[in-house]
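# Understanding the architecture of this molecule
Chain by chain, the residues:
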Amino acid sequence: MIDRQAKELRLQFCKCGQEHVFKFWEILSSDEQSKLIQQVKTIDMDYLSKIIDGALHNASRQKNIGPLAPAKFIKFPNSEVDWQKWKEAVAIGEQKIRDGKIAVFTVAGGEGTRMGCIVPKGTLQVTPIKKKSLFQVFAEKIKASERRYDVTINWIVMTSERTHNETIEFFGKNNSFGIENIHFLKQGQMPAITAEGKIIMETTSRIAMHPDGHGGSLKALGRSGLLAMLENLGIEILSYFQVDNPLVRCVDPYFVGVHVKNQAQVSSRMVRKLYAEEKVGVFCESNGRCRVIEYFDLPKEQAMLRNSEGSLVFCAGNTAIHLLDVPFIKRFNGKDIKSEIPYHIAQKTVPTIDSLGEPVSPKVPNGLKLEMFIFDILPFADRTTILESERGANFSPIKHLEGMDSLKTCHRDQVKLFASWLRAAGIDIPMDANGLPPFDIEISPTFADSKHDFLQKWENLEGKPTIAAGQYIE
Ligand code: UTP
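Because the structure is predicted, anything quoted here is derived from the model rather than measured.

This brings us to the site of the ligand. The environment of the ligand is formed by 17 residues, the closest being Gly109, Thr113, Arg114, Gln187 and Lys399. Residue Glu111 places a main-chain N or O atom 2.8 Å away from an oxygen atom belonging to the ligand. One nitrogen or oxygen atom from the side chain of Thr113 is found 2.3 Å from an oxygen atom belonging to the ligand. For the ligand, the accessible surface in isolation is 550 Å², of which the surrounding protein chains cover 89%. Residues that form the shell around the ligand fall into these classes: 5 nonpolar, 8 polar and 4 charged.

Here's what the structure looks like:
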């Protein structure tokens, strides 16, 4: 049986120039042979060949998108009229949430290579005082919304082969932090390839695989049946964010309201870039479509371009916080090739074998990974909305161990944000030139998860605590 299957698969791989996957077949044990077959069976080689071909010619596609203009965006409210509009949008958003039309979607399948993560990133302890994990922070935010709007909210957590078991175990140990409707979704994988498009073997009987990128979430939702479940439940909008950003508002009435009011299919939160070289994708327009251009693809002259007031023209930095219409994302699960988001390639250091099958641990990138990015959904949408966020209010991702976008900067941004809420409530808190108090404080999402909520809750709070070092408000 295994021989017949192996023969057929071998032929198929051979046809696509990937016969080396079976190079050591004859000397593998029967257990190794069956494991290799199990893995090979999950790969649609004809499809993969097309993907490899497309991805290796990605550079020319990038050039074909036409001249770039900065994307239009809705600015952070700055006048009476703006705040009136804000109120109207919040009311619309709150109604949608109350009506049970929103589900939350966290992508947590990444490898966390820049941090050298050995555990799923969502389990990292990130809050300043209570050291809550990222997953706990999101769970508390979702629970708070459930209470506030008297609704049950579905939460989908996307994992990958590498993060799945540990993530489920973590939630299990913590009773899912009280969230009843939680769904785990394992994303797809792709083989690592060489610059020539050859599949890389990790061992003589195993292909080197990696997660297929956060854009893989679209297909994973369809494949798992969760998309159908969402439809059956009448859920209209997915509130999408990545696991590394504890400042995100998981359920954001203003964002939802603007999305609904504009009848957008995709909406995204942006922050203004701090400086021209900041390593963040930028929302742009080309050929009448909104899209994110990665920082390394944005021509330098455009990245540096400033208007007459001295501000960056291409300033709309991508926070990876999106609202996705459920009917819209359905189209990425059909057979229509025109609704396929592209694969990007990135260099990767892949443990592999030499020509004799001996293990090799390269010190420099020796392969490419193929990944889909969620923001590539934008050009498919006829209606998009880009909404500005205050820097530091919604976005402080944890990407590195040290320096920019690290645990340390995220800790700082949380303390700074909580202090700014307290100051807005009239509490005198010392601060340095950057708005940072000289001590740690923490406000639990169970108390408030935005300045607006905080001010309301604080006003009605009896026996207000005196704010001092180490203060935790819940
Ligand atoms: P990043 O691109 O920052 O990747 O992912 P990462 O894995 O966290 O870190 P590096 O690049 O390896 O250092 C942004 C978000 O998308 C998720 C991550 O978990 C993170 O929430 N993601 C990324 C996935 O869910 N799957 C993927 O295949 C890639």
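Moving on to the nonpolar core. Within soluble globular proteins, side chains that are nonpolar tend to cluster in buried spots. In terms of nonpolar packing, the biggest core is built from 64 residues, with Val21, Phe22, Phe105, Leu221, Leu238, Phe283 and Leu370 touching the most fellow members. Residues in contact with Leu238, not counting those within four places in the same chain, are Ala103, Phe105, Ile156, Leu221, Leu230, His322, Leu323, Leu324, Val326 and Ile329. Formed by 42 residues, the second largest nonpolar core is a distinct cluster that contains Ile97, Tyr149, Val151 and Val251.

Before going further, it helps to examine empty space enclosed by the protein. Scanning the entire structure with this criterion turns up 1 cavity of 30 Å³ or more. Approximately 50 Å³ is the volume attributed to the largest cavity. What lines the largest cavity is Gly215, Leu218, Lys219, Phe332, Ser339, Glu340, Ile341 and Met372. Classifying every residue of the lining of the largest cavity gives 4 nonpolar, 2 polar and 2 charged.

Side chains carrying opposite charge are able to pair once their charged atoms draw close together. All chains considered together, the criterion is met by 26 salt bridges. The salt bridge partner of Asp382 is Arg289, with a shortest N-O separation of 3.0 Å. With Asp382 in the loop between strand 17 (367-372) and strand 18 (384-388) and Arg289 in strand 12 (residues 289-293), this pair connects stretches of sequence that are 93 residues apart. Residue Arg289 is classed as partly exposed on the basis of its relative accessible area, which comes to 27%. Look at the salt bridges and you will find they share partners, linking Arg148, Arg249, Asp252, Arg269, Asp449 and Asp453 into a network.

One non-glycine residue, Asn175, lies in the positive phi region at around 50 degrees. Turning to its location among the elements, Asn175 is positioned in the loop between helix 7 (164-173) and strand 4 (182-186). With a relative accessible area of 64%, Asn175 lands in the exposed category.

Let's shift gears to the environment of Gln33. Mapped onto the elements, Gln33 comes out in helix 2 (residues 30-41). With 11 residues separating them along the chain, Gln33 and Phe22 place their C-alpha atoms 9.4 Å apart. At 3.1 Å, the side chain of Gln33 forms a polar contact with the backbone oxygen of Trp25.

Another aspect to go through is helix 5 (residues 80-98). Taking 1.5 Å per residue as the helical rise, helix 5 with its 19 residues ought to reach 27 Å, and the 27 Å between its terminal C-alpha atoms agrees with that figure. Buried within helix 5 are the following residues: Trp86, Ala89, Val90, Gly93, Glu94, Lys96 and Ile97. Around the axis of helix 5, the buried residues are gathered within 150 degrees of arc, so they sit on the same side. Away from the buried face of helix 5 by more than 90 degrees, exposed residues Glu80, Val81 and Lys87 are located. Close packing links the buried residues of helix 5 with strand 2 (102-107), helix 6 (134-149), helix 10 (253-261) and helix 14 (451-460). Once helix 5 finishes, Gly100 follows within two positions and takes phi at roughly 75 degrees, a positive value.

Glancing now at the side chain of His259. Its place among the elements puts His259 in helix 10. Residues within four places of His259 in sequence aside, it is in contact with Ile237, Ala264, Gln265, Val266, Ser267, Leu323 and Asp325.

This part takes up helix 13 (residues 407-424). Given a rise of 1.5 Å per residue, 18 residues ought to cover 26 Å, and the 26 Å separating the end C-alpha atoms of helix 13 matches this to within 8%. For helix 13, the complete set of buried residues consists of Thr409, Cys410, Asp413, Gln414, Val415, Leu417, Phe418, Ala419, Trp421 and Leu422. Its buried side turned inward, helix 13 meets strand 19 (441-443), helix 14 and strand 20 (471-473). Taken from the residues just after helix 13, Gly426 is the one with a positive phi, measuring 90 degrees.

For the rest of this paragraph, the subject is the packing of aromatic side chains. In the structure shown here, the tally under the stated rule is 22 aromatic pairs. Geometrically, the ring pair formed by Phe171 and Phe177 is edge-to-face, given 5.8 Å between the ring centres and 80 degrees between the ring planes. Arranged with centres 5.1 Å apart and planes meeting at 90 degrees, the rings of Phe332 and Phe380 form a pair that is edge-to-face. Taken as a pair, Phe332 in the loop between helix 12 (326-330) and strand 14 (343-348) and Phe380 in the loop between strand 17 and strand 18 lie far apart in primary sequence, 48 residues in all. Relative accessible area serves as the criterion here: at 3%, Phe332 is assigned to the buried category. Its relative accessible area of 16% is what places Phe380 among the buried residues.

Inspection of the secondary structure assignment puts Val292 in strand 12. On the accessibility criterion, Val292 (7% relative accessible area) is buried. As for Val292 and Asp376, which are separated by 84 residues in sequence, their C-alpha atoms are 7.2 Å apart. Leave out the neighbours within four places in its chain, and Val292 touches Gly281, Val282, Phe283, Asn318, Phe375 and Leu378.

The rules we used
- Residues numbered from 1 in each chain as written.
- Predicted model: local features only at pLDDT ≥ 70, side-chain atom pairs only at ≥ 80, totals over all residues.
- Heavy atoms only, no water.
- Near = heavy atom within 4 Å.
- Polar contact = N/O pair within 3.5 Å; in protein donor to acceptor, adjacent residues only side chain to side chain.
- Areas by Shrake-Rupley, 256 points an atom, 1.4 Å probe, with all protein chains shown as cover.
- Nonpolar A, V, L, I, M, F, W, Y, C, P; charged D, E, K, R; others polar.
- Core = buried A, V, L, I, M, F, W, Y, C linked by side-chain atoms within 4.5 Å.
- Buried < 20%, exposed > 50% of the residue type's maximum accessible area, 1.4 Å probe, protein only.
- Contact = heavy atoms within 4.5 Å.
- 1 Å grid on protein atoms, 1.4 Å probe; cavity = no way out; pocket = protein on both sides within 12 Å on 5 of 7 lines; lining within 4 Å.
- Points joined across faces, edges and corners; volume = space filled by probe spheres on them.
- Salt bridge = Lys/Arg side-chain N within 4 Å of Asp/Glu carboxyl O.
- Helix = DSSP H or I, 4+ residues; strand = E, 2+ residues; numbered from the N terminus.
- Expected span 1.5 Å × (residues − 1).
- Arc of directions from axis to C-beta.
- Phe/Tyr/Trp six-rings, centres within 6.5 Å; stacked < 30°, edge-to-face > 60°.

Any functional reading would require information that these geometric values do not contain.
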